[in-house]
Amino acid sequence: MYILFIFMKTFAVERVCLDCGARLLGRSDKKFCSDQCRNNYNNRINRDQNNYVRNVHAQLRRNRKILSDLLDDGHHRIHRDALIAQGYNFTFFTHLVETREGTRWSYCFEYGFHETEEGYLELRLCSSYLEMPVEEE
Ligand SMILES: [Zn+2]
């Protein structure tokens, strides 16, 4: 009983501030030594998450720009290697649409493509997915 008491007391004393590492005294659910440290910690977490979102957005915008420039120049068909050469990254897309006929279109915002023959992609512009589905009575 005495040993257990020592262990719990030691454990309680070892708690430190999640931001600065200073020893925490008082309530056992305390995570920070001050409001300043709580703010620092939360700001750091938010900044890391925002960086991730910013990087994904940047790649999506880049993909969209490549498809948009191609269609503006009148290209409706391109080899996937040519897209990659322009900096296109196939890992990033916004949604997939499968038609009733079973054709799978991969979209980056309103620009989409699907493979027509070995390595060749057909491009299209389609903004209708922005419309909200109408609920049936
Ligand atoms: Zn602190």
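The coordinates are above.
Residues numbered from 1 in each chain as written. Predicted model: local features only at pLDDT ≥ 70, side-chain atom pairs only at ≥ 80, totals over all residues.

It is worth spelling out the overall build of the protein chain at this point. The helix and strand tally for the protein chain stands at three helices and five strands. In the protein chain, the succession of helices and strands from N to C terminus is α-α-β-α-β-β-β-β. Here the protein chain holds 137 residues, and the buried ones make up 7% of them. Sequence-distant contacts, at least 24 apart, represent 36% of the contacts inside the protein chain between residues at least 6 apart. (Helix = DSSP H or I, 4+ residues; strand = E, 2+ residues; numbered from the N terminus. Buried ≥ 20, exposed ≤ 12 C-beta atoms within 10 Å, placed from the backbone. Contact = placed C-beta atoms within 7 Å.)

Here the focus is the sheet that holds strand β1 (residues 77-79). Read from one edge to the other, the open sheet built from five strands follows the order β1-β5-β4-β3-β2, with strand pairing classed as antiparallel. The open sheet has two edge strands with one neighbour each: β1 and β2 (95-98). Going across the sheet, the axis of each strand differs from the next one's by a mean of 35°, ignoring polarity. Judged from the three bridges that link them, strand β3 (residues 104-108) and strand β4 (residues 111-117) form a sheet pairing that is antiparallel. Its bridge partner being in β4, C108 is matched across the sheet by Y111. (Pairing = 2+ DSSP bridges. Axes fitted to C-alpha atoms, helices over the stretch in contact; angles between N-to-C directions.)

Turning our eyes to something else, we now look at the nonpolar core. By size, the foremost hydrophobic cluster in this structure holds five residues: L67, L70, Y107, C108 and Y111. Mapped by element, the contributors of at least two residues to this core are α2 (35-72) and β3. (Core = buried A, V, L, I, M, F, W, Y, C linked by C-beta atoms within 7 Å.)

Here the focus is α2. The terminal C-alpha atoms of α2, which comprises 38 residues, lie 53 Å apart, in line with the 56 Å expected from a rise of 1.5 Å per residue. With three of 38 residues buried, α2 is to be regarded as a mostly surface element. Turning to α2, its buried residues are N63, L67 and L70. Close packing links the buried residues of α2 with β1, β3, β4 and β5 (120-125). (Expected span 1.5 Å × (residues − 1).)

A few words on the pairing of β3. By the bridge criterion, four bridges tie β2 to β3 in an arrangement that is antiparallel. Paired with E98 across the two strands is R104, which belongs to β3. Counted along the chain from β2 to the antiparallel partner β3, the turn is five residues long, and its residue G102 has a positive phi close to 95°.

Any functional reading would require information that these geometric values do not contain.
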